[in-house]
Amino acid sequence: MAVMTCNVQHCGMKKGHPSRRSIMMHASADGDFEADESQYLLSDTDADTRTINMTGAQRLCCLSFCIRNFFARLCDSMVNCCMRRRQLSARSVRIGYPTTEKFPPNVLFEQFKLFLNLYFLVMATSQFIPELRIGYLYTYWGPLGFVILVTMIREAVDDVRRRQRDNEVNQQKYKKLTPHGGPRTVTSANIKVGDLIFVEKDQRVPADMVFLRTTETNGACFIRTDQLDGETDWKLRLTVPFIQKLDTNEELFQMDATVYAEKPQKDIHNFIGTITKHDTETEESLSVENTVWAGTVVASGRLLGLVIYTGAETRSVMNNAAPRSKVGLLDLEINNLTKLLFVAVLGLTIVMMCLKGFGGPWYRYFFRFMLLFSYIIPISLRVNLDVGKAFYSWVIQRDQEMQGTVVRSTTIPEELGRITYLLTDKTGTLTQNEMVFKILHLGTVSTHVKTFFCKDGSGTGNTSTPTRMRKTVVTRVGEAVKALALCHNVTPVYEEGVNLAVEESEDIQTVHSVVYQASSPDEVSLVRWTESVGLPLVHRDLTTLTLRPPTGKLLTYTVLQIFPFTSETKRMGIIVKEESTGQIVLYMKGADTVMSSMVEYNDWLEEECINLAQKGLRTLVVARKVLTPEQYTHFEQRYSAAKLSVTERTSRIAAVIESLECDLELLCLTGVEDKLQTNVKQTLELMRNAGIKIWMLTGDKLETATCIAKSSRLVSPNQGLHVMGNLLTRREAHLELNALRRKSDSALVIKGDALETCLQYYEHELMDLAVQCPAVVVCRCSPTQKAAVVRLIQRHTGKRTAAVGDGGNDVSMIQAADAGIGIVGKEGKQASLAADFSIEQFQHIARLCLVHGRNSYKRSAALSQFVMHRGLIISTIQAIFSSIFYFSSVALYQGFLMVGYATFYTNFPVFSLVLDHDVSPNIALTYPELYKDLTKGRSLSYKTFFVWVLISIYQGGVLMYGAMLLFEDELIHVVSISFTSLILTELLMVGLTVRTWHPLMIVAQFLSLGFYLLSIIFMHYFDWDFIKSKDFFWKVIVITLVSCLPLYILKFLRRKFTPPTYSKLEELNTFGSTSLSQPQP
């Protein structure tokens, strides 16, 4: 029996000497299809044994090399064992994150990599040294262990969920074709390169495969790629023709064929390969249309594929790069304040040592003082903030006014409250990406033709038009409509059970509902329009297109070639042959910037493109070229040869196609309207009143972008426009910048190439002028330029930026911004998946920033400063105690008192500050000007920090000196009085900080107080007889009142004479509501 050998070769990096990995899979052996890794790089003569004479130095070098190599291999083996690296030959894939597990060793490394945790680890470890011990071990190890435990639990939960998701994928069952016994079941984790795998309809593809066969009779099937590239449209994939023609699958094992595959790479839109049938010496090219990538879902039929990449070599895994780690501005500010606290620890320690003197073992006392004052640096700050951020994210996702919102990055919710620049895409973001066909323009007799071609027109021209002219127009209409009905990649999909072999007497589109599948909503709108004017598309497969004209007789066209649309070419084409006449025609459509040089000379195209763009319409130029059979045969030969080339295939194919794209007959110009999103005007107005500057970055034409900017009120009606068109030289850029400098309150509209020219010569001047403009529109902007603009704003202004978009071309901009916002749109979920925040509608941005951003920033600022205050006040008490008792390095509060102070006794009320808010959501949205104060960073600044430092010093001094003055007999009475007053002071200070009380805040207050009372009763830290006495109560009350009452009085006076803006608005809103509710006389 003949054996089919699937030789999958991966091309190397160097030309002329490719480093190939030849993987021979013999389908006759039902084994694991292991790869033959031998490379045979040496010739026979090179492999001969040689006698080499070495000197002593050479022997020493050889020995050292061997030892070094041995230890290197040993280290690699240990790393592989510890880190559990995956073998690429097996399909065991980590979803969304690297395969290295975080728990438990890695999480410890990540936590102690932080300065604060490492500092406390050193402090806690020092307690094992008897000379440095100043209390019980759990006094320092307790808080540190609690912080690390919380973090490890969070990471453990994430790892368990990640492992569960991995197991769900890795244990999915698939059918593997074998030569004996038919298909057998394998798990996706056991799929190897060279396996022949069946994938059923609605089943996810487990590995990168070459598409060999399908149950669909036309030799093609649809796949869904939304989890790979974010696009929601279905993609058409083609089988290998000579394998599809086989009668049974088992005949594959009687063939001798070789599949050549390029080296694994990230590009999901391109693939270079060939398949060679050795018995007939035939070779066919393989492109991305002949592949199905891992992660996609089969949407029609059942397919059989040859596995070429598995595991980490698959496209989906190679594209799972970790996104840029974003650090919020609040975290940076807190980090700077923490450095000040560390300096305070060192300064206070040095002062105490100077007062004590450096006699004796001074270094021991120095370290003990550092241990005593280490509570100035709050170890629980990081945990409180992280848990607070998680709570803010949970609140955002549960907001009923923003249903569908997803927070993908829980580390930066406060950034939403500090935004100064909002950069937005146009199509699908400000607009709905819902295309409505509006106009078809022929260029001649424009008035009558426009009336004729408007969608809502009657279909008849002006009766005064001469008959000869009317016939000419009608003929051109027919050619234009036919071109639109043929030049696309739209496929009509009918409900289950509908026979697509359409009969002429049956109008299938009126009997059965049809859904058009395409990669672009523009194309769907055009095909729907051709249907509405009487030329519907009723059937399409790989080789034919069928139209139904008004006469009822079907028109069948054979599809000879298709040239799909790409962002580089900005056009698509199709070559069809009409069955009834045998005429071969090339139809093309694309952007006017590329099509204008391909069509025959005309004097109207450029002008009409500008006119339609000014109306906010998206334009497409449609043209055709009639080919003779000889011309097409010559083209097909060169095109086939270019597709078989292994090197520079893309450029060779493009060169062959461009040879046809000349002297095209211009048929028409189409105009499609993209509707605005809901409440776009109101949302942009809110953001602008909040002090946020809005920039629109789009790849569309200047005229269309300008029109959308005006219709969406991005540019106010009373604002002027300064347009920078084509700037090629430094002098032109200089003149334009001078002209912009002389204009005030004018919005800037600039093209992408003009932006590049200005940035090349006058980067600082351009940015200085642009940031002063009320709005900026950048058109003809590439995805790379969008990200570059974001970075320019960040670098030149230092302000926080947010970017919002809905398509794959917005991902780079979203990831570059400080806060990336993705909209789930018609272009797919790619932007949504890459963003920090995912929303359903553009109008949700206002509530996301003005309400949730405000609350997150205000709450985190209050929480962080209060946690610092908690550490400063107890360190002040310790410093006063040491100074009174001859600068002794002895802890005042020992044992569980120190552990409980930062956890059970005060943590619940302090953390309840995440429930606080200064204004209601309605007030925040009604008065967006309140947002301007947030961008100034006044809630957390050096000023507010030093105010809290002064409060801590005052209260710590009152508590300690008050206890010293009022105690009578024993020192333990000082501890009991001062510590109880400290706990009550902290609870009262939380009440002083709260602006709007929540029921859970009151519960937290009583819960902490209850924990403290229980610990007094059952843990016997204090003298119980003294605790029950009246002296204890009145002394604690007096000290607490002295420490807190002046602050309450100051707060009352401040709100009375200089109230904050938000309190005025709350009172105004309350007064207005009350007056409206009163009956009128």
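Residue indices begin from 1 for each chain and proceed along its sequence in written order. Since the coordinates come from a predicted model, pLDDT governs what is reported: local features require at least 70, and pairs of side-chain atoms require 80 or more to be given and counted, while whole-chain, interface and lining totals use all residues. Based on all heavy atoms of the structure, the side-chain values leave hydrogens and waters out of the count.

Attention now moves to the overall build of the chain. Within the chain, the secondary structure is distributed over 37 helices and 33 strands. A total of 1081 residues make up the chain; the buried ones form 50% of that total. Sequence separation of 24 or more characterises 72% of the internal contacts of the chain that already satisfy a separation of 6 or more. Entry remark: accessible area of the chain is about 51,000 Å², with carbon and sulfur atoms responsible for 58%. Segments assigned H or I by DSSP are reported as helices when at least four residues long, segments assigned E as strands when at least two residues long, and all are numbered from the N terminus. Using a 1.4 Å probe on the protein chains alone, a residue whose accessible area is under 20% of its type maximum counts as buried, one over 50% counts as exposed, and one in between counts as partly exposed. Here, residues are in contact when the closest pair of their heavy atoms is within 4.5 Å. Residue exposure ignores everything except the shown protein chains as possible cover, and the areas themselves are Shrake-Rupley values with a 1.4 Å probe.

Before going further, it helps to spend a moment on the side chain of Thr-258. As for its placement among the helices and strands, Thr-258 is situated in strand β9 (residues 257-261). In protein, a polar contact means a hydrogen-donor-capable atom and an acceptor-capable atom, both N or O and within 3.5 Å, with residues adjacent in sequence counting only if both atoms are side-chain atoms; elsewhere, any N or O pair within 3.5 Å suffices. One polar contact links Thr-258 to His-278, side chain to side chain, over a distance of 2.3 Å.

What follows concerns the sheet that holds strand β7 (residues 220-224). When DSSP finds two or more bridges between two strands, those strands count as paired. In spatial order, the strands read β8-β7-β13; together these three strands make up an open sheet with antiparallel pairing. Both outer strands of the open sheet, β8 (234-238) and β13 (297-298), are each paired with one neighbouring strand and no more. Note that β7 and β8 share five bridges and pair antiparallel. By the bridge assignment, Ile-223 is partnered in β8 with Lys-235.

Put simply, helix α21 (residues 730-741) and helix α23 (residues 763-770) touch, their axes get as near as 10 Å, and they point 25° apart. The orientation of α21 relative to α23 falls into the category roughly parallel. The handedness of the crossing between α21 and α23 is left-handed. Along the contact surface, α21 presents Leu-737, Leu-740 and Arg-741, while α23 presents Glu-765, Leu-766 and Leu-769. Every axis corresponds to a line fitted to the C-alpha atoms, with the helix fit spanning only the stretch in contact, and the corresponding angles, defined between N-to-C directions, vary from 0 to 180 degrees. Oblique is the label for any angle not covered by the other classes, which are roughly parallel (under 35 degrees), roughly antiparallel (over 145) and roughly perpendicular (65 to 115). In this scheme the crossing of two helices becomes right-handed for a clockwise turn of the near helix relative to the far one and left-handed for an anticlockwise turn of less than a right angle.

Attention now moves to the UniProt feature "transmembrane region" (unreviewed entry) in the chain. As recorded in UniProt, the feature "transmembrane region" (unreviewed entry) lies at residues 112-129, 135-153, 340-359, 867-887, 945-965, 971-993, 1000-1020 and 1032-1050. Summarising residues 867-887: 86% helix, 0% strand, and an end-to-end C-alpha distance of 27 Å. Segment residues 945-965 splits into 100% helix and 0% strand. End C-alpha atoms: 30 Å apart. UniProt positions are given in the numbering used here, feature names are shortened, and annotations may be inferred rather than shown by experiment.

Taken together, Lys-932, Lys-936, Arg-938, Lys-943 and Arg-1054 make up a surface patch of like positive charges. Take Lys-943: it is sitting in helix α32 (residues 942-966). Residue classification places Lys-943 among the exposed positions, given a relative accessible area of 68%. A residue counts toward a patch only above 30% relative accessible area and without a salt bridge, and it is joined to like-charged neighbours within 9 Å or, for Val, Leu, Ile, Met, Phe, Trp and Tyr, to nonpolar neighbours within 5 Å. Criterion for a salt bridge: a side-chain nitrogen of Lys or Arg within 4 Å of a carboxyl oxygen of Asp or Glu. We treat Lys and Arg as the positive residues and Asp and Glu as the negative residues; His and chain ends play no part in the count. Lys charges are placed at NZ, Arg charges at CZ, Asp charges at CG and Glu charges at CD.

A full pass over the atoms with the stated rule returns 25 salt bridges. Arg-624 is the salt-bridge partner of Glu-479, the closest N and O atoms lying 2.9 Å from each other. Taken together, the positions of Glu-479 in helix α12 (residues 467-486) and Arg-624 in strand β25 (residues 617-627) put the pair 145 residues apart, joining distant regions of the chain. The class of Arg-624 is buried, set by a relative accessible area of 13%. Across the salt bridge formed by Asp-918 and Lys-858, the nearest N and O atoms sit 3.8 Å from each other. Of this pair, Asp-918 sits in the loop between α29 (907-911) and α30 (921-926) while Lys-858 sits in helix α27 (residues 844-884); the two residues are 60 residues apart in sequence, bridging distant segments of the chain. Of the two residues, Asp-918 and Lys-858, both sit in the buried class. Each member of the salt-bridge network shares a partner with another, and the members are Asp-331, Arg-382, Asp-386, Lys-389 and Glu-414.

Here the focus is the sheet that holds β25. Across the sheet, which stays open at both edges, the eight strands sit in the order β17-β26-β25-β24-β23-β22-β21-β20 with antiparallel pairing between neighbours. In this open sheet, the two strands that pair with only one neighbour each are β17 (431-441) and β20 (537-540). Along the sheet, successive strands turn relative to each other by an average axial angle of 30°, direction set aside. Here strand β23 (residues 571-578) pairs with strand β24 (residues 584-590) via seven bridges, running antiparallel. Along β24, the bridge assignment pairs Ile-574 with Tyr-587. Helix α17 (residues 629-644) contacts β22 (555-563), β23, β24 and β25 of the sheet and is inclined by roughly 40° relative to β22.

The next point concerns helix α36 (residues 1030-1057). Compared with the 40 Å implied by 1.5 Å per residue over 28 residues, the 39 Å span of α36 between its first and last C-alpha is a close match. The largest bend in α36 is about 35°, located at Val-1042, with the proline Pro-1046 one to four residues further on. The set of residues buried in α36 consists of Phe-1032, Lys-1035, Val-1036, Ile-1039, Thr-1040, Ser-1043, Cys-1044 and Leu-1047. Expected helix span is taken as 1.5 Å per residue step, with the number of steps being one fewer than the number of residues. One axis fitted to the seven residues ending at a residue, another fitted to the seven starting there: the angle between these axes is the bend at that residue.

Another aspect to go through is the nonpolar core. Nonpolar cores are built from buried Ala, Val, Leu, Ile, Met, Phe, Trp, Tyr and Cys residues. Side-chain atoms within 4.5 Å join them into one set. Tyr-893, Phe-979 and Leu-982 are the most contacted members of the largest nonpolar core, which totals 127 residues. Ranked by residues supplied to this core, first place goes to α27 with 18 residues. If sequence neighbours within four positions are ignored, Phe-979 has contacts with Tyr-893, Leu-897, Tyr-901, Tyr-905, Tyr-1012 and Phe-1022.

For the rest of this paragraph, the subject is the packing of aromatic side chains. The aromatic pairing rule takes the rings of Phe, Tyr and Trp, using the six-membered ring of Trp, and pairs them if the centres are within 6.5 Å, calling planes under 30 degrees apart stacked, those over 60 edge-to-face and the rest tilted. In this structure the tally under the stated criterion is 24 aromatic pairs. Between Phe-866 and Trp-948, the aromatic rings sit 5.6 Å apart at their centres with planes inclined by 70°, giving edge-to-face as the arrangement. Residue Phe-866 is located in helix α27, and its partner Trp-948 is located in helix α32; the two are separated by 82 residues in the primary sequence. Both residues of the pair, Phe-866 and Trp-948, count as buried. Aromatic side chains Tyr-905 and Tyr-1012 sit 5.2 Å apart centroid to centroid with 80° between the ring planes, which places their arrangement in the edge-to-face category.

Before going further, it helps to spend a moment on the environment of Met-696. In this fold, Met-696 is placed in strand β27 (residues 693-697). Residue Met-696 is classed as buried on the basis of its relative accessible area, which comes to 0%. Along the backbone, Met-696 and Lys-786 are 90 residues apart, and their C-alpha atoms lie at a distance of 9.6 Å.

Turning to unusual backbone geometry, a few remarks are in order. One non-glycine residue, Asp-202, adopts positive backbone phi at about 65°. Within the secondary structure, Asp-202 sits in the loop between β5 (196-199) and β6 (208-214).

This part covers the side chain of Thr-239. If you trace the backbone, Thr-239 turns up in the loop between β8 and α6 (241-244). With near-sequence residues (within four places) excluded, Thr-239 lies in contact with Phe-211, Leu-212, Arg-213, Thr-214, Gly-219, Gln-244 and Asn-290.

Let us now look at the UniProt feature "active site" (unreviewed entry) in the chain. UniProt records the feature "active site" (unreviewed entry) for Asp-425 in the present numbering. At 3.3 Å, the side chain of Asp-425 forms a polar contact with the side chain of Lys-786.

Taken N-terminus to C-terminus, the directions of helix α19 (residues 680-689) and α27 make an angle of 25°; their axes are 9 Å apart at the nearest point. Between α19 and α27, the interaxial angle falls into the category roughly parallel. Handedness of the α19/α27 crossing: left-handed. Along the contact surface, α19 presents Thr-683, Leu-686 and Met-687, while α27 presents Ile-845, Ala-846 and Cys-849. Residue type decides the class: Asp, Glu, Lys and Arg count as charged, Ala, Val, Leu, Ile, Met, Phe, Trp, Tyr, Cys and Pro as nonpolar, and the leftover types, Gly among them, as polar. Tallied by class, the residues present in the contact of α19 with α27 amount to five nonpolar, one polar and no charged.

Another point: the pairing of strand β14 (residues 303-309). Among the seven residues that make up β14, seven are buried, leaving the element largely enclosed by the rest of the structure. Bridging between β5 and β14 involves four bridges; their strand directions are antiparallel. Across the sheet, residue Phe-198 finds its bridge partner in β14, namely Leu-304. The sheet contact formed by β6 and β14 spans six bridges and is antiparallel. If you follow Phe-211 over to β14, its bridge partner there is Gly-305.

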